[in-house]
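# Structural overview for review
Okay, here's what each chain looks like letter by letter:
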Amino acid sequence: MSRESDKERADRNFVELLQGARVAVTGVQVLFAFLLTVPFSQQFDRLAPADRWLFFAALVGAAVASICYIAPTAQHRVLFRQGRKELLVRRSNFYGILGALALIVSMTAATGLVIDYLFGPRLAWPVAGAIAVLALWTWFGQAAVDRANGEDQDLGEEPGGSSGGSEVPSSSSSREESRA
């Protein structure tokens with residue numbers, strides 16, 4: 001089996017980033033669409049000023065997350081066939097992280113808003129805080145600890161990203177080999 005070229009690795013990494021974004025973007029868009037309808041409901045005018053700020057944070061967070069998750073696809077269209085895939089991969093990774101952080105803000109604020117409306121701030125703040133901590137830990141903290149400890153490296157992939165002998169073919173090379 002031949003080694004994966006830099007171009008093939010960039011292509012594979014970009015496809016993997018887009019697959020991850022597809023998981024998040026649907027949920028973000030549903031949340032964003034729902035939040036866009038809330039101010040038009042009959043009860044919205046009864047929200048306290050603090051709840052309006054929570055709504056603002058949830059709405060802006062969902063908008064920023066949507067922008068960040070859609071950006072790689074839009075930029076890919078603009079940069080198509082320009083030989084800048086590695087730049088696009090690095091930038092897309094940054095947007096994915098930023099989008100996830102914005103989504104944490106949106107989900108936390110929306111959850112806090114609903115719980116505050118239903119049960120008051122004494123329950124809303126601890127639950128919203130727990131949601132934020134859980135998301136930060138499961139999405140970033142645990143992975144950061146694993147990365148710092150060098151745990152759970154991909155099959156045969158060294159920390160620098162080069163393959164260390166036991167190579168895993170990319171999906172395109174696997175298809176080509178199966179046709180041969």
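Residues numbered from 1 in each chain as written. Predicted model: local features only at pLDDT ≥ 70, side-chain atom pairs only at ≥ 80, totals over all residues. Heavy atoms only, no water.

## Things to note about the overall build of the protein
Defined as follows: Every helix listed is a DSSP run of H or I at least four residues long, and every strand listed is a run of E at least two residues long, numbered separately from the N terminus. Any residue under 20% of the maximum accessible area for its type is buried, any over 50% is exposed, and the rest in between are partly exposed; the area is computed with a 1.4 Å probe on protein chains only. Working rule for contacts: check all heavy atoms of both residues, and any pair within 4.5 Å makes them a contact. Residue-level accessible areas treat just the shown protein chains as cover; the underlying method is Shrake-Rupley with a 1.4 Å probe.
Scanning the protein from N- to C-terminus turns up five helices and zero strands. For the protein, the sequential pattern of α-helices and β-strands runs α-α-α-α-α. Taking all 180 residues of the protein together, 30% fall into the buried category. A separation of at least 24 residues holds for 71% of the contacts in the protein among residues at least 6 apart in sequence. Surface summary for the protein: the accessible area is close to 11900 Å², and the carbon and sulfur share equals 63%.

## Notes on helix H2 (residues 49-78)
To keep it simple, the criterion reads: A helix is expected to reach a length of 1.5 Å times the quantity of its residues less one. Here the bend at a residue means the angle between the axes of two seven-residue stretches, the one that ends at it and the one that starts at it.
With 30 residues, H2 extends 42 Å from end C-alpha to end C-alpha; this agrees with the ideal 44 Å at 1.5 Å per step. The sharpest bend along H2 measures roughly 40° and falls at alanine 71, with the proline proline 72 sitting one to four residues further on.

## Observations concerning the nonpolar core
Cut-off, in case you're wondering: As used here, the term nonpolar core means buried Ala, Val, Leu, Ile, Met, Phe, Trp, Tyr and Cys residues forming a set that is joined through side-chain atoms within 4.5 Å.
The biggest cluster of nonpolar side chains holds 21 residues, and the ones touching the most others in it are Leu35, Phe55, Ala65 and Tyr69. Looking at this core, the elements that each hand over two or more residues are helix H1 (6-37), H2 and helix H3 (85-119). If we ignore the near neighbours within four places in the chain, the residues touching alanine 65 are Val28, Gly99, Ala102 and Leu103. Of all hydrophobic cores here, the second largest spans five residues; its members include Phe14, Leu79, Leu88 and Val89.

## Concerning the confidence of the model for the protein
Counted only if it meets this: pLDDT gives the predictor's per-residue confidence on a scale running from 0 to 100.
Averaged over every residue, the pLDDT of the protein is 83; residues scoring 70 or more account for 82%. When mean pLDDT is compared element by element in the protein, helix H4 (residues 121-149) scores highest at 96, while helix H5 (residues 171-179) scores lowest at 38. Segment residues 156-180: pLDDT under 50, and 25 contacts once partners within four positions in sequence are set aside and those in other chains are kept.

## Regarding unusual backbone geometry
Unlike most non-glycine residues, arginine 81 shows phi in positive territory, near 60°. Looking at the secondary structure, you find arginine 81 in the loop between H2 and H3.

## Some words on H4
Helix length check: H4, at 29 residues, gives a terminal C-alpha distance of 39 Å against a target of 42 Å (1.5 Å per residue), a fit within 8%. Considering bend angle alone, the principal kink of H4 is centred on tryptophan 137 and spans about 50°. The complete set of buried residues in H4 reads Ala124, Ala128, Ala132, Ala135 and Gly141. On its buried side, H4 packs onto H3.

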